[in-house]
Every structure is written in C-alpha cells, then in structure tokens.
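Here are the chains, one letter per residue:
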Amino acid sequence: MKLKQFFTYVVILLCSVPVSGTEPEGLQITLEEAISHARVSSVDAAVALNELKTSYWEYRSYRAELLPEVNFSATIPAYHRQYSPYMNDNGSYSFVRNNYLQMNGEVSLSQNIWLTGGKIALNTSLDFFRQLDGEKYNRFMSIPVALTLTQPIFGVNNLKWDRRIEPVRYNEAKAAYLSATENVAIKAISYYFQLLMADENMQIASQNLENAKKLFEVAKDKREMGRISGNDLLQMELNLLNAESDLTECVSNRKSCMFQLRTLLDLNEHTDIIPVTPASLPSVEIEYEDALQKALERNKLAANIRRRQLEADYEVAKAKGNLRQISLFAQIGYTGTDRRFGGAYSTLKDNQVVEIGFEIPILDWGRRKGKVRVAESNRKVTESRLRQERADFSQNIFILVERYRNQLRQLEISRRADEIASRRYATNVETFMIGKISTLDLNDSRVSKDEARREYINELYLFWNYYYQIRSLTLWDFAAQTGIDADFERDIKTL
C-alpha cells in the first residue's frame, strides 16, 4: 500500500507542468508591448527617424527654392596699396602707384521662376571709393533700384523638373519610414519568439530534469524489486545526465536571447524579461488582390518607380537641352555718381544692360547627340527594370498572402498536436509506473511532447512574422481596416 501511494505521488509530480518555482521573477512583457516599445526605443527606429528627418529637410530646402530670397552682401572695407598696369596714349604700358580704400554693399530680393527656369531680382547697391594719395577725394556710386532677369532659353528647366521629382521623393521617404517601423516590429517579433522559445526550452529541460530524477529514483526501487533490468536502470541514469546537460545549455541560450531582446528594447541590463505566449490572434482574412492594390498605392515602391521614371526623363531632357545653349540677361534701373553721398542719389541716369549669349556646336563629332542616345537608352533600361521590379513585388505579395492563409491552418494543427503530445506523455508516465511500457517508449513520448511544443511556438512565430511582413509591404492594418500612418511633423520634432 505504501509503494502504491509512493507511485501515485510521483505521478502527480511528473504531470505538473511547469514545475513550481522555475519561472524567474522579472518584467512580464506581451508581444504587443514589445513591438510598441521597439518602435519607440530601438536603435533601428532612431535610424529610420533620422533618415526621415534628412529627407524632410531636403524637401524643405527644395520648397525654399520656390520662395523669394533676400540677400545682403558687402565688402567693408577693401584697401589697396599697389602698382597697377596703365596704358599710355601711345599704346605703351607703365605702372602707377595706387593707394585707395573701397567699400560696397548690395541688398537684393530674388525669386526663381519655376515655370520658365529663370530668375528675377530687385537690387539696390552703393559703392564708395576714397583716394588716399595725390589728389585725395571721395566718390560714391549708387544704384537705387535695378530689375534683373536671367533666363536660359531652350535649355532644361531644372526648377520645373525638381517640382515634379522632389514631392515624389519625399512621399517615398515617408513610405520608407513607415515600412522601416514595421520592419522594427518584425525584428522585435523575431527576438521575442527566440526568447519565448528559449524560455520554453528551459522549462522543458527543467521539467525533464525533475522527471529524470524522480524516474531514476523509481527505477532504482524497481531494480531492487527485480521488476526492471540493469540496462534499463543505466538508461534512466543516462537520461538524468543528459537532462542536466540540456538544462545548462538552455539556460545559457536563454541569457543570449534575453540580452538580444533587451538591447533592442533599450532596457536595463539587469531586467529579466518574461515573454508571454500570445493567446489571441488577429482574426483577419487577407486576399491577394486587396493586398496588392493597397501595396501599390501605399508602399514606397510606387513612389520609387515614379521617381526613377521621372529622373530618367530628366536625364534625357538635360541631354537634349545641352545640344544648344542660349541665355538672356537683362537689367534696367537707375544709377548715379557724385563726390557726395546725397549727390549720388540726386542726379540719377538710366542704367540698362541686355546680354544674349549662345553656344551652338558646329563640330563636336556627335558627342552631344551621343549623350542624348545614352540617356534614352538608360531610360529604356530603367523602364525594363521597373517592370521587372513591379512583377517581382507582385509575386512576393502573392507568396506572402498564400503563406499567411496557410499558416492559420498550420497553427491550428500544431496547437492540437501540442495538446495531444502532452496528454500522451502524461499517460505514458502512468503506464511506465505500472511497468507496462519500456523506458524507450517513455523517452519517445517525452521527445514527441517537447518537439510538439517547440513546433507550436515556431508556427506561432511564423504567423506573426507573415502578418507583419504583409503590413510592412501594404502599410495597412488589416485588423483595424485602416492605413498605417504617422504624424511626420511631430515625429521629426522629437529629434
């Protein structure tokens, strides 16, 4: 009767999973909390935010090119004491000694004209000259107002092309930032499940060690009663040694996984993270056509394709614009000069300058036309590559959606297998106690139980990984049926 009670006590202990006291005390974090924390605190998130900031200020710089600009330039003073060449009446040259002081200042208001690619400016300036040797005197020259136009003709309009390309580039950067935050989530999922798997392995190893110890004690009692062979007893002892070795390795692996996740989440090095197996899943159906449409509308690839197509067209336009270059410079205004400051503004005269310059190649051995052909060929290559990238992108979306849909069934199968394997092992422990199965059968059920549990955790990881990969490509939250957006202005100001 005492032996039977002892066996019953052992069975109860063996079937209690996990063993009490094996879970470390620490910070319990769910998968959703780990993802949210990684989006804010990880180095990868900070890198993505800094890249967005760079793109933002590049876009702001482009926008500033379209706005009026006010400049002030001055030379205060410029002192000269030197010999300068001077041409005499008979055409000969001599050197004369100069000793003078010069100052000038100019204020200009300029505006780029994106429609034509030219530039218009309103200027006012004042020049002062003071002779320091010989007949000393002062001289002022003023240009109270002058209107200046600089306009390239037939050349490429860089401002017009920037106006097409730069907004697309910035939209691409914003989509890339959102994708990067989703990739941070994918990385957090990977590290989280690695730690969760390490926790499961450590609990399995700890439970197996406890079981091995108790079974070894039971086996010794059975051996004394002659109910098992000496070989079975040695096998149980070997199981005990292997269980101790497995636990040591699992503890070390858990520490590595802990350090990895802790670094990603930027937590204190002494924080002991306890991952929680996700109990609920997003119950969403994802169709390929819907996912592809959202990806083509929102993913950075759409903006990337548009930008690269525009840049290829821009290179062709530049090459064609370089076939001939004609520029116009025109200035109208008033100017005055006098020995007195006030006089330089009282006796004003007209001041007009008109210049038209051009450069047309007469013989360049086809160099400029060759550059046009190169630009056109590069554009065709770019178009072919873009078609291939779009086809590959669509294929990746299709594969991911199919894997996600299949994973829902795989996950349910692995969950059921985990339950069955655990029940089978518990039953085999009881059967072993009454001597109806061998140690080999018991070990086989234990290995099956452990593998089923690991497989369930792995299938759970694959589900979340596929789900967030689809989110990162579509930038769409299928659970909430809303787009993944961000307050970019707020995020940029956090830096």
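Please read all numbers here as calculations on a predicted model, not as lab measurements. (Residues numbered from 1 in each chain as written. Predicted model: local features only at pLDDT ≥ 70, side-chain atom pairs only at ≥ 80, totals over all residues. Heavy atoms only, no water.)

Colleague: Outline the packing of aromatic side chains, supporting the account with residue identities and numerical values.
Modeller: Summed over all chains, the structure comprises 20 aromatic pairs. Ring centres of Tyr 56 and Tyr 170 lie 6.3 Å apart, and the angle between their planes is 50°; this geometry places the pair in the tilted category. Separated by 114 residues along the polypeptide, Tyr 56 in helix H3 (residues 43-65) and Tyr 170 in helix H4 (residues 158-224) bring together distant segments of the chain. Exposure class is identical for Tyr 56 and Tyr 170. Each is buried. (Phe/Tyr/Trp six-rings, centres within 6.5 Å; stacked < 30°, edge-to-face > 60°. Helix = DSSP H or I, 4+ residues; strand = E, 2+ residues; numbered from the N terminus. Buried < 20%, exposed > 50% of the residue type's maximum accessible area, 1.4 Å probe, protein only.)

Colleague: Before we move on, could you go through unusual backbone geometry and cite the residues and values that matter?
Modeller: In the segment running from Ile 76 into Pro 77, the intervening peptide bond is cis, with an omega of -15°. On the secondary structure map, Pro 77 appears in strand S2 (residues 69-87). With phi around 55°, Asp 266 is a residue other than glycine that occupies positive phi space. Among the secondary structure elements, Asp 266 is positioned in the loop between helix H5 (230-265) and strand S6 (273-275). Of note in this structure, Gln 481 is not a glycine but carries a positive phi near 55°.

Colleague: Now, about the layout of surface pockets: what can you tell me, with residues and values included?
Modeller: Taken as a whole, the second largest pocket encloses approximately 380 Å³ of empty space. Those elements giving two or more residues to the lining of the second largest pocket turn out to be H4, H5 and helix H10 (439-474). Class assignment of the residues belonging to the lining of the second largest pocket gives a composition of eleven nonpolar, seven polar and six charged. (1 Å grid on protein atoms, 1.4 Å probe; cavity = no way out; pocket = protein on both sides within 12 Å on 5 of 7 lines; lining within 4 Å. Points joined across faces, edges and corners; volume = space filled by probe spheres on them. Nonpolar A, V, L, I, M, F, W, Y, C, P; charged D, E, K, R; others polar.)

Colleague: If you had to explain the pattern of salt bridges to someone new, which residues and values would you point to?
Modeller: In total, this model carries 27 salt bridges according to the counting rule given. Its salt-bridge partner being Arg 453, residue Glu 200 comes within 3.1 Å of it at the nearest N-O pair. One end of the pair, Glu 200, is in helix H4; the other, Arg 453, is in helix H10, with 253 residues separating them in the sequence. The residue Arg 415 makes a salt bridge to Glu 419 at a minimum N-O spacing of 2.6 Å. A residue pair is termed a helical-turn pair when its members lie 3 or 4 positions apart in one helix, as Arg 415 and Glu 419 do in helix H9 (residues 367-433) at four residues. (Salt bridge = Lys/Arg side-chain N within 4 Å of Asp/Glu carboxyl O.)

Colleague: Explain the packing of H4 against H9 to me, and be specific about the residues and the numbers.
Modeller: Here H4 crosses H9 at 20°, and the two axes come no closer than 11 Å. Judged by the inter-axis angle, H4 sits roughly parallel to H9. Where H4 crosses over H9, the two elements pack in a sense that is left-handed. Between H4 and H9, the residues in contact are Asn 211, Leu 215, Val 218 and Lys 222 and Tyr 425, Phe 432 and Met 433, respectively. In terms of residue class, the contact of H4 with H9 is built from five nonpolar, one polar and one charged. (Axes fitted to C-alpha atoms, helices over the stretch in contact; angles between N-to-C directions. Parallel < 35°, antiparallel > 145°, perpendicular 65-115°, else oblique. Left-handed = near helix turned anticlockwise from the far one by under 90°. Contact = heavy atoms within 4.5 Å.)

Colleague: Residue-level account of the environment of Val 284, with values.
Modeller: You can see Val 284 is positioned in the loop between S6 and helix H6 (288-298). As for Val 284 and Asn 458, which are separated by 174 residues in sequence, their C-alpha atoms are 20 Å apart.

Colleague: Got a sec to walk through a nonpolar patch on the surface? Specific residues and values, please.
Modeller: A contiguous nonpolar patch, built from Val 70, Phe 72, Val 107, Leu 109, Ile 120, Leu 122, Val 145, Leu 147, Ile 332, Tyr 334 and Leu 348 and spanning about 950 Å² of accessible area, is present on the exposed surface. Listing elements by their share of the nonpolar patch, those giving two or more residues are S2, strand S3 (93-113), strand S4 (118-131), strand S5 (137-153) and strand S7 (325-338). Summarising the element assignment, Leu 122 is placed in strand S4. (Patch = residues over 30% accessible without salt bridge, like charges linked within 9 Å, V, L, I, M, F, W, Y side chains within 5 Å. Areas by Shrake-Rupley, 256 points an atom, 1.4 Å probe, with all protein chains shown as cover.)

Colleague: For the pairing of S2, give the residues involved together with the corresponding values.
Modeller: The pairing of S2 with S3 spans 17 bridges and is antiparallel. Within S3, the residue paired with Pro 85 across the bridge is Phe 95. In textbook terms, the turn of a hairpin is the stretch between consecutive antiparallel strands, and for S2 and S3 this stretch comprises five residues, one of which, Gly 91, has a positive phi near 95°. (Pairing = 2+ DSSP bridges.)

Colleague: Tell me about the nonpolar core, and please be specific about residues and values.
Modeller: Ranked by internal contacts, the top residues of the largest apolar core, which has 48 residues, are Phe 193, Ile 286 and Trp 464. Listed by contribution, the elements that provide at least two residues to this core are helix H2 (31-41), H4, H5, H6, H9 and H10. Looking at which element gives the most residues to this core, the answer is H4, with twelve residues. Ile 286 has contacts with Ala 291, Val 401, Tyr 404, Arg 405, Tyr 467, Ile 470 and Phe 478, leaving out every residue within four places of it along the chain. (Core = buried A, V, L, I, M, F, W, Y, C linked by side-chain atoms within 4.5 Å.)

Colleague: So, the environment of Tyr 461: which residues are in play, and what are the values?
Modeller: Along the chain, Tyr 461 turns up in helix H10. Considering only alpha carbons, one finds Tyr 461 and Leu 196, 265 residues apart in sequence, at a separation of 9.7 Å. Excluding residues within four positions of it along the chain, Tyr 461 makes contact with Ile 189, Ser 190 and Phe 193.

Colleague: Describe the confidence of the model for the protein, listing the residues and the values that go with them.
Modeller: Taken over all residues, the pLDDT of the protein has a mean of 85, while the share at 70 or more is 93%. Predicted confidence for residues 1-24 stays below pLDDT 50, and this span has 34 contacts to residues more than four positions away or in other chains. (pLDDT = per-residue confidence, 0-100.)

Colleague: Quick rundown of the packing of H4 against helix H7 (residues 300-321)? Include the residues and the values.
Modeller: Look at H4 against H7: their axes get within 8 Å of each other, and the N-to-C directions meet at 160°. Taken together, the axes of H4 and H7 lie roughly antiparallel to each other. Relative to H7, the crossing made by H4 is left-handed. Where H4 abuts H7, its residues Asn 158, Trp 161, Arg 164, Ile 165, Val 168, Arg 169, Asn 171, Glu 172, Ala 175 and Ala 176 lie against Lys 300, Ala 303, Asn 304, Arg 306, Arg 307, Leu 310, Glu 311, Asp 313, Tyr 314, Ala 317 and Lys 318. Class assignment for the residues of the contact of H4 with H7 results in nine nonpolar, three polar and nine charged.

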